[in-house]
There are 2 protein chains.
Amino acid sequence: MVYHAAMNRRTFLGALALSPLARAAELPPVNAARLRDHLERLSVFGRPAGGTFADGVSRIAYSDADIAGRRYAMDLMANAGLEPRLDPAGNISARRSGSDPSLAPVLFGSHIDSVPNGGNFDGDVGSMAAIEVVQTLNENHVATRRPLEVAIWSNEEGVAFNNGITGSRAAAGRLDPGELDAVWNGMVKRDAIHKIGGDPGRIAQAARAKGSFHCYLELHIEQGGTLEREGFPIGVVEGIVAIDRYDAEIRGFANHAGTTPMPERRDALLAASYLTVAVNEIVRAQPGRQVGTVGQIAVTPNAPNVVPGRVLQTIELRDLSADKIKALAAQLRDRAADIARKTGTEIELRQVAHHDPALATPAVQQTIEAVCAKLGLRTMRLPSGAGHDAQAMATLGPMGMIFVPSVGGISHSPKELTRWEDCANGATVLMHTVLALAG
Amino acid sequence: MVYHAAMNRRTFLGALALSPLARAAELPPVNAARLRDHLERLSVFGRPAGGTFADGVSRIAYSDADIAGRRYAMDLMANAGLEPRLDPAGNISARRSGSDPSLAPVLFGSHIDSVPNGGNFDGDVGSMAAIEVVQTLNENHVATRRPLEVAIWSNEEGVAFNNGITGSRAAAGRLDPGELDAVWNGMVKRDAIHKIGGDPGRIAQAARAKGSFHCYLELHIEQGGTLEREGFPIGVVEGIVAIDRYDAEIRGFANHAGTTPMPERRDALLAASYLTVAVNEIVRAQPGRQVGTVGQIAVTPNAPNVVPGRVLQTIELRDLSADKIKALAAQLRDRAADIARKTGTEIELRQVAHHDPALATPAVQQTIEAVCAKLGLRTMRLPSGAGHDAQAMATLGPMGMIFVPSVGGISHSPKELTRWEDCANGATVLMHTVLALAG
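The structure reproduced in this document is the subject of the present report. Just so it is clear, the structure is predicted and the values come from calculations on it, not from any experiment.

So, how was this worked out
- Residues numbered from 1 in each chain as written.
- Chains lettered and ligands numbered in written order.
- Predicted model: local features only at pLDDT ≥ 70, side-chain atom pairs only at ≥ 80, totals over all residues.
- Heavy atoms only, no water.
- Helix = DSSP H or I, 4+ residues; strand = E, 2+ residues; numbered from the N terminus.
- Rg over C-alpha atoms; globule rule 2.2 N^0.38 Å.
- Buried < 20%, exposed > 50% of the residue type's maximum accessible area, 1.4 Å probe, protein only.
- Areas by Shrake-Rupley, 256 points an atom, 1.4 Å probe, with all protein chains shown as cover.
- Lys, Arg positive; Asp, Glu negative; His and termini not counted.
- Charge placed at Lys NZ, Arg CZ, Asp CG, Glu CD.
- Pairing = 2+ DSSP bridges.
- Least-squares fit on C-alpha atoms with pLDDT ≥ 70 in both.
- Contact = heavy atoms within 4.5 Å.
- Salt bridge = Lys/Arg side-chain N within 4 Å of Asp/Glu carboxyl O.
- Polar contact = N/O pair within 3.5 Å; in protein donor to acceptor, adjacent residues only side chain to side chain.
- Buried area = accessible area lost by both parts, 1.4 Å probe.

## A few points about the overall build of chain A
A count of helices and strands for chain A gives 14 helices and 18 strands. Over its C-alpha atoms chain A spans a radius of gyration of 23 Å, differing by no more than 12% from the 22 Å that the globule rule assigns to 439 residues. Projected onto its principal axes, the C-alpha coordinates of chain A cover approximately 85 × 45 × 45 Å. Counting every position in chain A, which comprises 439 residues, the buried fraction comes to 62%. As presented, chain A carries roughly 15700 Å² of accessible surface, and 52% of it is formed by carbon and sulfur atoms. Here chain A carries 44 positive and 47 negative side-chain charges, and the mean point of each set is 3 Å from the other.

## Considerations on the pairing of strand β12 (residues 297-300) of chain A
Residues and elements named next belong to chain A. Along β12, the buried face is formed by Ile297 and Val299; none of Ala298 and Thr300, which line the opposite face, is buried. Here 4 bridges tie β12 to strand β14 (residues 310-319), and the two strands are oriented antiparallel to one another. If you follow Val299 over to β14, its bridge partner there is Val311.

## Regarding the relation of the copies chain A and chain B
For the pair chain A and chain B, the relating rotation is 180°, the translation along its axis is 0.0 Å, and the fit reaches an RMSD of 0.1 Å. The transformation just described matches what one would write down for a two-fold rotation axis. In terms of proximity to the rotation axis, the leading residue of chain A is Ser273(A), whose C-alpha is 2.1 Å off the axis. An overlap of 100% is found between the interface residues of chain A and their copies at the interface of chain B, pointing to a shared contact surface.

## Some points on the side chain of Asp87(A)
Residues and elements named next belong to chain A. Structurally, Asp87 is set in the loop between β1 (85-86) and β2 (92-96). Buried charge without a partner: Asp87 forms no salt bridge, and the closest opposite charge is Arg208, 5.4 Å away. Polar side-chain contacts of Asp87 include one of 2.9 Å to the backbone nitrogen of Asn91. In contact with Asp87, other than residues within four places in its own chain, are Gly198 and Ala206.

## Considering the interface of chain A and chain B
Taken together, the contact pairs 63 residues of chain A with 63 residues of chain B. Taken together, both faces of the contact between chain A and chain B bury some 5100 Å²; the carbon and sulfur share is 58%. The salt bridge involving Arg229(B) is made with Glu264(A); its shortest N-O contact spans 3.9 Å. Where chain A touches chain B, the interface holds 22 residue pairs in polar contact (both at pLDDT 80 or more). Those elements that provide at least two residues to the side of chain A that touches chain B are β10 (255-256), α10 (268-284), β11 (291-293), β12, β13 (306-307) and β14 of chain A.

Laid out in structure tokens, this is it:
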């Protein structure tokens, strides 16, 4: 902890003597150029061959690119005077001491894994900003009463193994029995966790106790177009929607595409197509912000001249109300039964993931708004349609999230973009919110 | 040519003195046990690991399994006294001399490549039976006036490179310009042809001249359920349907599945699903035997939590009337434009293959029927919904096809099954038809 050794004791006591909002007025903003530099350097890990920053990133959790990106993040933490450690789930975290070691820390961070062909802001902004906050506080010799803890959670996107967020869920003690035996891309989840430096045999010990942190904060890009459209630089998140994910398995019968008359076919892809249309129709049939997506499909045997025999596809439903998406799923089951009858197939819907909705703590929302008011940044409250690590953390203690605008609302795409100024604003808001909460 | 050296000259002349149908009465049937043995041994190449004959085969053209199967077939040809050669397209063929070398040969054969997860009869029966015919003729010291030529055509299924039958089409001089530069599974078609012993630089020389054979015959499984359902051991093919194959490219916009409101999505998989349903509806909307299939699909990025940005799928249309499938495709283009408008996507339909319908020569159909009458086998005339190498050969000279029943009409599936007795009947009919035509 280089910083503490070098710290001027007078400044330390001086910091304590000031109220957080008084300090906020004195502190300079975070170093925007350095934050941008770190985001650009991180973007190299998982970049398409021969591409540029604008070509986005494929940094799937547990991949070699993910490991390289994690290594880079840990190096940045060390440069910021932190000592990064790995928990048994492969989450990276590091503490900065507070003046009262008996107090629970203010925890903040995000993730750096991406979806395939994703962008360079989802997760990365919150992770790099968390490190930037510590570095800025150190450079300005700002001490806090509570300890601070930076976390970079593993496998937030849940693309690997198709069973959802892993790292922060392990930290919330909510892994499913047998989950580590899941196989994906020829890899067992247990081995994947070991590959990134976790200890799958002791994964239960990754769980944090309720009350073990004072508050969890996460800066993230909105991933929707509301803030940009409405002209707000900062969003204060009201809550994170519930997400239910299903695997639909459609079993028909593979047969010759030239010699099997249309009425005798049991075409699994035709049934899957009716089901995809049904998901869209059912979700759009009622008012509200609920969404439903068929994003992934695998067809067997997948040849132009063979009637498809089997299809596996994913169905995802999201809404702030868990009851509403449960009701949508019930409608979908009825429609699936109709489709199976009509196409001579069998359709099985298996729920593979459920995330409860998570409401942000009202007092934390108000603190973020007070900080923004001091900084002269207009805010807007809005729900998060995307899942976040904050969702798992909300089961353990108070939680708040800060959103920054996504240009055009584009995310999970190489075209994902948050302006550098907005990234820096978000990091500065995060820093002052951390200070306000850490005392 | 071991057989000719050992041949008894008196038998040779005696054979010439008999009319083909007179000889038909004297000749024993083909060796059914040996034919079965060869089919069972061939099934090993491309069999799923740890599987049995009943688990079918994946012997995709140009794969290592295909090469091993081709090697086995060439060994069988050599054992039958033939000298197999490769043409520049990788087609295997071998001649058995006739008493009048000035006459064009009777050409017969099939293919041994399969679809992924295919069966052990499609192509294999006709190929192994062609060799069995020569072996039986040799064992019975039967000579013919015309030479005989056995052919095993390369890449009949057209799964590799998605651009249709290759070997027999090259023999018909109908390859497309630039076709050898096609890339599939990281392999260039030119290299694939070289891999199986062809000579892509000289592929134009694989073309045979019109009139270079007296007649082309092919024994094949029906791949539909008509013969079995109606109780006929032999089908006499009237013609092979026309096949048009399209690639549909659907370009939407990849975006986050949680934060992109339903009305703002440009979901390529939703559009693809509407298109798959449209293919089915349009094809079934009018009476007739026409079929339409979406058998293959590729989604980008194909992740559960990303709205799909791009889909590539195949569309195949078949009917005896080329005009009818052209009209179906025109309807489909109209529907695709509607779907694109409705879903905010772009849909491009590119025709990637066209096979003309091919009518079997009436005189050849009558010869097959006369042979079957002598052998006491009931016949039924029927069209072929599947494409065959016979289709390309029909552009060069007279053509006929013999069908044997497929149990349950199942094909392009591990459950594909033709009873051993039906395989042997088909081979015996092929042998006598060859004799009738070869003089």
